[in-house]
Amino acid sequence: MMDRNEFLKTSGMLSVASILPLEGLFATNLTNNRIDKLVDENGHFVLQPLPYSESFLEPYMDAETVHLHYTFHHGGATKAANVDVKKIQEAMDSNNFETVDYWTKKLAFHSSSHILHSIFWTNLTNKQLSPTGNLLKQIEKDFGSYEKLKLYLAQTSKNVDGNGWGILAYQPMTKKLVVLQCENHEKLTQWGCVPILVIDVWEHSYYLKYKNKRADFVDTLFKIINWENVADRFNNATKLI
Ligand SMILES: [Fe+2]
């Protein structure tokens, strides 16, 4: 596997470096799957298999939604991010920088989509769990209690303007958990945050089953969060600095 510097050099994706927990997650096989392996040996973005069958999250998330979401939305973003990298490279090779701002914006959008979706699938399971151990201690330190965090994150997720994400992230520079309300896939972040739990509130995530009731979808999602996966991500993030 290529190392961090080689990866950044190959893809030219400095924007991605701000949110990628590069050392930890590239080096770690989270919960025995490889979905966090965002790029192949050549540095190209690659869509990993889902960590479970498309019907695994039934009845909370229906198989058809998972199929469309994973194949066309996550998969589409992965392919598009490779195009963006290629276009930037072509512009640089031809010494014509007129279009690089456009493709750089596109790359921020598509690569962030790939990253967040990769985390999203592993954040879910088909049984009810709750945070424990060091993660729970940090939640209590930063938010008072798990219940308070849940209310905060749910409210933030339900009220994203347009499409976006509710995100629980760890910021190694401040040693704190933070809640982000992300618009699209890349807006309204705080620098240096490592996403550990992401809630996809794009309409493609819930519309077939929940129609316009985004709040019902978010409340349901809290019943299938894989807190063991979130704890793995938290433990990795705390080792970054
Ligand atoms: Fe999505």
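Quick note: structure is the one above.
One structure accompanies this document, and this report is about it. Predicted model, so just to flag it, every value in this text is computed and none were measured. (Residues numbered from 1 in each chain as written. Predicted model: local features only at pLDDT ≥ 70, side-chain atom pairs only at ≥ 80, totals over all residues.)

### A look at the packing of helix 6 (residues 133–143) against helix 10 (residues 227–237)
It is at 9 Å that the axes of helix 6 and helix 10 come closest, and there the two elements cross at 75°. Between helix 6 and helix 10, the angle is such that the two are roughly perpendicular. Judged by residue contacts, Gly-133, Asn-134, Leu-135 and Gln-138 of helix 6 engage Val-230, Ala-231, Phe-234 and Asn-235 from helix 10. In terms of residue class, the contact of helix 6 with helix 10 is built from four nonpolar, four polar and no charged. (Axes fitted to C-alpha atoms, helices over the stretch in contact; angles between N-to-C directions. Helix = DSSP H or I, 4+ residues; strand = E, 2+ residues; numbered from the N terminus. Parallel < 35°, antiparallel > 145°, perpendicular 65-115°, else oblique. Contact = placed C-beta atoms within 7 Å. Nonpolar A, V, L, I, M, F, W, Y, C, P; charged D, E, K, R; others polar.)

### Description of unusual backbone geometry
Trans peptide bonds make up most of the peptide bonds, and negative phi angles are found at most residues other than glycine. Residue Pro-59 is reached from Glu-58 by a cis peptide bond, and omega for that bond is 0°. As for its placement among the helices and strands, Pro-59 is situated in the loop between helix 3 (22–27) and helix 4 (63–93). One non-glycine residue, Lys-175, lies in the positive phi region at around 55°. Within the secondary structure, Lys-175 is located in the loop between strand 1 (164–171) and strand 2 (176–183). The phi dihedral of Lys-211 falls on the positive side, at around 50°, and the residue is not glycine. Within the secondary structure, Lys-211 sits in the loop between helix 8 (207–210) and helix 9 (214–221).

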